[in-house]
Amino acid sequence: MTTSKIITINGRELTFENDETILEVARRNGIEIPTLCHLKGTQPTGACRICVVEVEGARNLMPACCTPAADKMVVRTESPQVVAARRLIIQLMLASGNHNCAIRGSDNQDWTAFQLKVQEEDGSSDLCPVWGDCRLQDLAYRYQVSGERFDATVNRYPIEDVNPFIVRDFSRCILCGRCVQACCEVQVNNAISFGYRGPFSKIIAAGDRPLKDSDCVFCGECVQVCPVGALVEKEARYRVRPWETGKVRTTCTYCGVGCQILLHVKDGKVVKVTGVPDSPPNHGSLCVKGRFGFDFINSEKRLTKPLIKENGKFREADWDEALDLVAGRFREIVEKNGSESVGVLTSARVTNEENYIANKFARAVLKTNNIDHCARL
Amino acid sequence: MTNTIADIEEADVILVTGSNTTENHPVLSAFVKRAVKFKGAKLIVVDPRRIKLTQFADLWLRPNLGTDVAWINGMMNVIINEGLLDEDFVDRRTEGFEALRKVVEKYDPEFVEGITGIPAEALRAAARLYGKAGAASILYCMGITQHTTGTDNVKSLANLAMLTGNLGRPGTGVNPLRGQNNVQGACDMGGLPNVFSGYQPVTDLAVVKKMEDAWGVSGIPTKPGLTVTKMIPMAHEGRLKALYIMGENPLVSDPDLNHAEKSIKNLDFLVVQDIFLTETAQLADVVLPSTCFAEKDGTFSNTERRVQRVRKALEPPGESMEDWKIICSVATRMGYEMKYPDSEAIFNEIARVTPSYAGLSYARIEKEGLHWPCPSAEHPGTPILHTQQFARGRGLFHAIEWIPPSEQTDDEYPMYLTTGRILYQYHTGTMTMKTGGLNFKAPEAFVEISAADAARYRLADGDMVRVSSRRGEIVARVKVSSKAVDGTIFIPFHFARAAANRLTNAALDPVSGIPEYKVCAVRISKAA
Ligand code: SF4
Ligand code: SF4
Ligand code: SF4
Ligand code: FES
């Protein structure tokens, strides 16, 4: 008989696997411990320390995301000491940059001055671009802290908005390092890393150049994992707020990997695409085409009416006329020249159902096996 | 793919050939890179270009264009001679080994070096690495298939996997990466001249009878039809009169475009159904506006045979309609009523007539797609193929001799051209070229050339260069790149304005009908 090892979290006795961390055991059992820097599938770094918990007998609070569970360990995840530590961390983070959401608080004298400064740096009169969709803001609510305890630190680095697709705003970066892990351990593009030291710390690409001049391939994995407003999709920045969009899960239309995506829809338009986390085949990852190549959907060049060519020029037609013409001409040609004289090219870009219908149309209606698609080309 | 995408991370050795994975299947390439960096897998890349993945590779073999059968035979030669084959697997699961052994006998690494340019020692190292692996996975793409010997190339890779028992287990397999998102589905659904859905042959009378009964018709022909690459010349000869093209743009993607263009113009009647007025649609007699993936319900089957849902998120623009609805209306007007309430009803019919999809339904794939074959409602799907046996029972070795590509360089056309895709554009660009950021990263065609060749032709980065083949000529910008190797240039085919396919050779693989996009002979000169 194996004697199972037991960890006690918030008074509950729980069994665990050998290499599980405190965080993993807790999450598996529905005990929520907040995290910021922790990124599933990567090596924990312990950078943010928001996940600290009290471990009986330990001198200091321990980060749950990188402390292995141990037999007879007794853990408290929301003790007064833990809560105090988390509040301090959040306050420091809020003071560390342009976190101008409502959390900033408005009791102090400097509210107006602070907002004006941030709005000038942002070139926007709005609150933070990810206001309402920010893990730091969520935590500040949860622990009831505002950003006023410490003076706002100066913003050392200007916004980088010269890239296609991605705006990097270091004034809102909390240096959690998730983007670096996403880039180097998930996508393995190795485009970004930590640069400089101490208060000058910054996430850099190619010796501190804009992303567009680095190895970055604009997969946007870093944007998807950034917990705050430091990395934001260029087209969605300020324009799209999460509560204004509906989200529809579907499959990417580009390559054969078949990544699962969420289309974020606002006013009948796709305004943003994200990967579906925790689901095969892509587990949240996407590439530049799948994440950012959606403008064609709303393009003005889309065909909206049937066209019939007359004297070498197209004119618009209604469906009845166009369909009758197609059906009539195909019937004629088949009657006159036989079924081998017609063919159908179906497509690797339409659905299975549509390919099946094309196959049925060719074989059952046109009575030809002249059907193929261009996808091997 | 015989195995799944996730399975790549289970492999001890990964052999990638003819696939520029990081650009064409970026998310899948992350599985390869993670396996190498964090799971200790060894990577062998066999590719004529110094693609990004070579930076992750333990071994990069650089074959001359069109010499794949030779290096694969060479690897098998070493594996057999050094006793690295899986004798048990060969005995129990395969047949035809003797014939294979005889053919590969002469492909010793020194002989192969003469054909492929791969140093004998490097080939030996690759053979040993692959041959000794507990689980080895092969990933390949169009760099293998788009040759006159494409079918031979694919069979040779299957030989290599069978010889070493690298099939039917996690981390193994022969895994083709599908270029477009629903190539797998287009093939699965009978979008091919020789099979109905689920690869049921049109030559099998029982199958034809079954389909006729299901569809309530008679007289379905039992002879395979024409592949697209044969339809085009038939149009040229005036024997193909009418073509119904749905969502394809052959006037950028076809080989030897000048010829393809003439052929299509020669049709009596052309219907193009698309979301844009593509190069091909402009030649049509009737253009029918269809909807894009975000505007319809349905399913796609990805490269690992996973059938996944497509869901409608938007109303289609103007009067555009789903492709299936348009075709159903045409069929109905031709006197055969086709009516379905929705895409799910079509899917249910697919399941009824297609054994490999029989157990699938929208309800079952609501949350997560399933891998076909899935023959019954209780069947969990098949992530890994051939675990117990092959479709035909025993796996058949094909003894294959190397034959050279159909076009060779000569004094007049001294350089090789190979074509392909790039990260920021997709196929003929009708979709990706609508996104500013993608065009910013990849605005136009380019001619990728090695520094030595550039110097030889006095070309500098950014110069315009004229590239001519026996079939046509284009002008594009020079990109001197470390990816290129001497003697071979690369041009992406996405761009209609400098369409690489004006140059390519329409010589076909006799079995698959796939043209030799990956090799042709060209000459280059600085454009004024
Ligand atoms: S940019 Fe975002 S993800 Fe990266 S370190 Fe800063 S806050 Fe974290
Ligand atoms: S977009 Fe992708 S490649 Fe670029 S920095 Fe972010 S994770 Fe790295
Ligand atoms: S997101 Fe990229 S890798 Fe994924 S399916 Fe789309 S094109 Fe392929
Ligand atoms: S989440 Fe544990 S240290 Fe950041």
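Note that residues are indexed from 1 along each chain, following the sequence as it is written. Written order determines the labels here, with chains lettered from A and ligands numbered from 1. Only residues with pLDDT of 70 or above have their local features reported here, since the model is predicted, and side-chain atom pairs are shown and tallied only from 80 upward, although totals for entire chains, interfaces and linings are computed over all residues. Based on all heavy atoms of the structure, the side-chain values leave hydrogens and waters out of the count.

Our next topic: the site of ligand 3. Near ligand 3, the surroundings consist of A:Cys252, A:Tyr254, A:Cys255, A:Val257, A:Gly258, A:Cys259, A:Leu286, A:Cys287, A:Gly290, B:Pro26 and B:Val27. Looking at what sits near ligand 3, you find residues from chains A and B. Residues are labelled near a given molecule or strand when at least one of their non-hydrogen atoms is within 4 Å of it.

All names here are of chain B. Buried residues are those whose accessible area, probed at 1.4 Å on protein chains only, stays under 20% of the maximum for their type, while exposed residues exceed 50% and partly exposed ones sit between those limits. Segments assigned H or I by DSSP are reported as helices when at least four residues long, segments assigned E as strands when at least two residues long, and all are numbered from the N terminus. Among the residues of helix 14 (residues 257–265), those classed as buried are Leu-257, Ala-260, Ser-263 and Ile-264. For helix 14, the buried positions fall inside an angular range of 120 degrees around the axis, keeping them on one side. Away from the buried face of helix 14 by more than 90 degrees, exposed residues Lys-262 and Lys-265 are located. Structurally, helix 14 contributes buried residues whose contacts are with helix 12 (228–236), helix 13 (250–253) and strand 10 (269–274). In this description, one arc is meant: the one made by directions from the helix axis to the C-beta atoms. By the convention used here, residues are in contact when the closest approach between their heavy atoms is within 4.5 Å.

Strand pairing is assigned whenever DSSP identifies at least 2 bridges connecting the two strands. The strand order across the open sheet built from seven strands is 14(A)-13(A)-11(B)-10(B)-9(B)-15(A)-16(A), with neighbouring strands paired in mixed fashion. Each having just a single partner strand, strand 14 (313–316) and strand 16 (371–373) of chain A make up the two edges of the open sheet. Pairwise comparison of adjacent strand axes, ignoring direction, gives a mean angle of 20 degrees for this sheet. Pairing of strand 13 (residues 307–310) of chain A with strand 14 of chain A, which is carried by four bridges, proceeds in the antiparallel orientation. Bridged to A:Leu307 within strand 14 of chain A is A:Glu316. Geometry is summarised by axes, namely lines fitted to C-alpha atoms with helices restricted to the contacting stretch, and by angles between N-to-C directions that run from 0 to 180 degrees.

The omega torsion across A:Pro280 and A:Pro281 is 0 degrees, close enough to zero to call that bond cis. B:Trp372 connects to B:Pro373 through a cis peptide bond whose omega is 0 degrees. The residue B:Pro373 is located in the loop between strand 14 (370–371) and strand 15 (395–396) in this model. In this model, B:His386 sits at a positive phi of 60 degrees, which is unusual for a non-glycine residue. Tracing the sequence through the fold places B:His386 in the loop between strand 14 and strand 15. Exposure remark for B:His386: the relative accessible area of 22% places this residue in the partly exposed category.

What follows covers the pattern of salt bridges. The salt bridge criterion pairs a side-chain nitrogen of Lys or Arg with a carboxyl oxygen of Asp or Glu, the two atoms within 4 Å. Counted under the stated rule, the structure contains 58 salt bridges over all chains. The salt bridge involving A:Lys272 is made with A:Glu233; its shortest N-O contact spans 3.6 Å. Highlighted residues: A:Lys272 in strand 12 (residues 269–275) and A:Glu233 in strand 9 (residues 231–233), separated in sequence by 39 residues. The exposure class assigned to A:Glu233 is buried, which follows from its relative accessible area of 8%. With a shortest N-O distance of 3.4 Å, B:Lys312 and B:Glu315 are connected by a salt bridge.

All names here are of chain B. Each domain span listed reflects an automatic or database assignment of domains. For chain B, the domain assignment lists domain 1 (6–177), domain 2 (178–222 + 291–375), domain 3 (226–289) and domain 4 (415–526). When each unit is reduced to the centre of its C-alpha atoms, the spacing between domain 1 and domain 2 is 34 Å. On the side of domain 2, four residues touch domain 1, which itself brings six residues to the contact. A 1.4 Å probe defines the accessible area here, and the buried area is the portion of it lost by two parts on being joined, summed over both. Interface area for domain 1 against domain 2, summed over the two sides, is near 350 Å², with a carbon-plus-sulfur share of 50%. Per-residue buried area on domain 1 facing domain 2 is highest for His-25, Pro-176 and Leu-177; these three make up 68% of the total on that side. Taken together, the connections running from domain 1 to domain 2 amount to zero salt bridges. Residues adjacent in sequence count toward polar contacts only when both atoms are side-chain atoms; beyond that, a polar contact is any pair of N or O atoms within 3.5 Å, and within protein one must be able to donate a hydrogen and the other to accept it. Scanning the region where domain 1 abuts domain 2 turns up two residue pairs in polar contact (both at pLDDT 80 or more). Residue classes follow a fixed rule: Ala, Val, Leu, Ile, Met, Phe, Trp, Tyr, Cys and Pro count as nonpolar, while Asp, Glu, Lys and Arg count as charged, and any other residue, Gly among them, counts as polar. Class assignment of the residues belonging to the side of domain 1 that touches domain 2 gives a composition of five nonpolar, one polar and no charged.

All names here are of chain A. Going residue by residue along strand 8 (residues 202–205), you find Lys-202 and Ile-204 tucked away on one face and Ile-203 and Ala-205 tucked away on the opposite face as well. Of the strand pairs in this sheet, strand 7 (residues 192–195) and strand 8 are connected by four bridges, and their pairing is antiparallel. Within strand 8, the residue paired with Gly-195 across the bridge is Lys-202. Counted between consecutive antiparallel strands, the loop separating strand 7 from strand 8 contains six residues, among which Tyr-196 sits at a positive phi close to 60 degrees.

Between chain B and chain A, the residue contacts involve 154 residues of the former and 110 residues of the latter. Looking at the side of chain B facing chain A, the largest losses of area belong to B:Phe293, B:Arg333 and B:Met334, adding up to 7% of the total buried there. At the junction of chain B with chain A, the criterion picks out seven salt bridges. On the surface where chain B and chain A come into contact, there are 64 residue pairs in polar contact (both at pLDDT 80 or more). Of the strand pairs in this sheet, strand 13 of chain A and strand 11 (residues 286–289) of chain B are connected by two bridges, and their pairing is antiparallel. Of the residues in strand 11 of chain B, the one forming a bridge with A:Leu307 is B:Val287.

This brings us to the packing of aromatic side chains. Between 30 and 60 degrees the pair is tilted, below 30 it is stacked and above 60 it is edge-to-face, where a pair is any two Phe, Tyr or Trp rings, Trp via its six-membered ring, whose centres lie within 6.5 Å. Scanning the model with the defined rule gives 21 aromatic pairs over all chains in all. Taking the centre distance of 5.6 Å and the plane angle of 70 degrees together, the rings of A:Phe361 and B:Tyr244 count as edge-to-face. In this pair, A:Phe361 sits in helix 9 (residues 352–365) while B:Tyr244 sits in strand 9 (residues 242–246), so the two residues belong to two different chains. Per residue, the accessibility class of A:Phe361 equals that of B:Tyr244, and both read buried. With a centroid separation of 6.4 Å and an interplanar angle of 65 degrees, the aromatic rings of B:Phe347 and B:Tyr357 are classed as edge-to-face.

Our focus in this paragraph is the nonpolar core. A:Ile90, B:Val467, B:Ile489 and B:Ile491 are the most contacted members of the largest nonpolar core, which has 70 residues in total. In this structure A:Ile90 touches A:Ile50, A:Leu136, A:Leu139, A:Ala140, A:Tyr143 and A:Val145, once residues within four positions along its chain are discounted. Remark: nonpolar core denotes a set of buried residues (Ala, Val, Leu, Ile, Met, Phe, Trp, Tyr, Cys) joined through side-chain atoms within 4.5 Å. In this structure, A:Phe330, A:Val334, B:Val330 and B:Ile350 belong to the second largest nonpolar core, which totals 61 residues.

All right, on to the confidence of the model for chain A then. Overall, the prediction assigns chain A a mean pLDDT of 92, with 96% of residues at 70 or greater. The score called pLDDT rates the predictor's confidence residue by residue, from a low of 0 to a high of 100. Averaged over each element, pLDDT in chain A is lowest for helix 3 (residues 111–122) of chain A (76) and highest for helix 9 of chain A (98).

Glancing now at the environment of B:Glu407. Residues and elements named next belong to chain B. Within the secondary structure, Glu-407 is located in the loop between strand 15 and strand 16 (415–420). We classify Glu-407 as buried; its relative accessible area is 7%. Along the backbone, Glu-407 and Val-519 are 112 residues apart, and their C-alpha atoms lie at a distance of 7.2 Å. Among residues more than four places away in sequence, those in contact with Glu-407 are Tyr-416, Arg-470, Arg-471, Asn-505, Glu-516, Val-519, Cys-520 and Ala-521. Looking at Glu-407, its side chain comes within polar contact range of the side chain of Arg-471, at 3.1 Å.

This part takes up the sheet that holds strand 14 of chain B. Ordered by their spatial adjacency, three strands build an open sheet running 12-13-14 (chain B), and the pairing between neighbours is antiparallel. Because the sheet does not close on itself, it has two edges, and the strands there are strand 12 (298–301) and strand 14 of chain B. Where strand 13 (residues 306–310) of chain B meets strand 14 of chain B, two bridges bridge the pair, whose relative direction is antiparallel. Following the sheet pairing, B:Val307 is matched in strand 14 of chain B by B:Leu370. Strands strand 12 and strand 13 of chain B of the sheet are contacted by helix 9 of chain A, whose axis makes an angle of about 90 degrees with strand 12 of chain B.

Attention now goes to the site of ligand 1. In the vicinity of ligand 1 lie 13 residues, with A:Cys173, A:Cys176, A:Gly177, A:Cys179 and A:Cys226 positioned nearest. Each residue belonging to the shell around ligand 1 can be placed in one class, and the counts come to eleven nonpolar, one polar and one charged.

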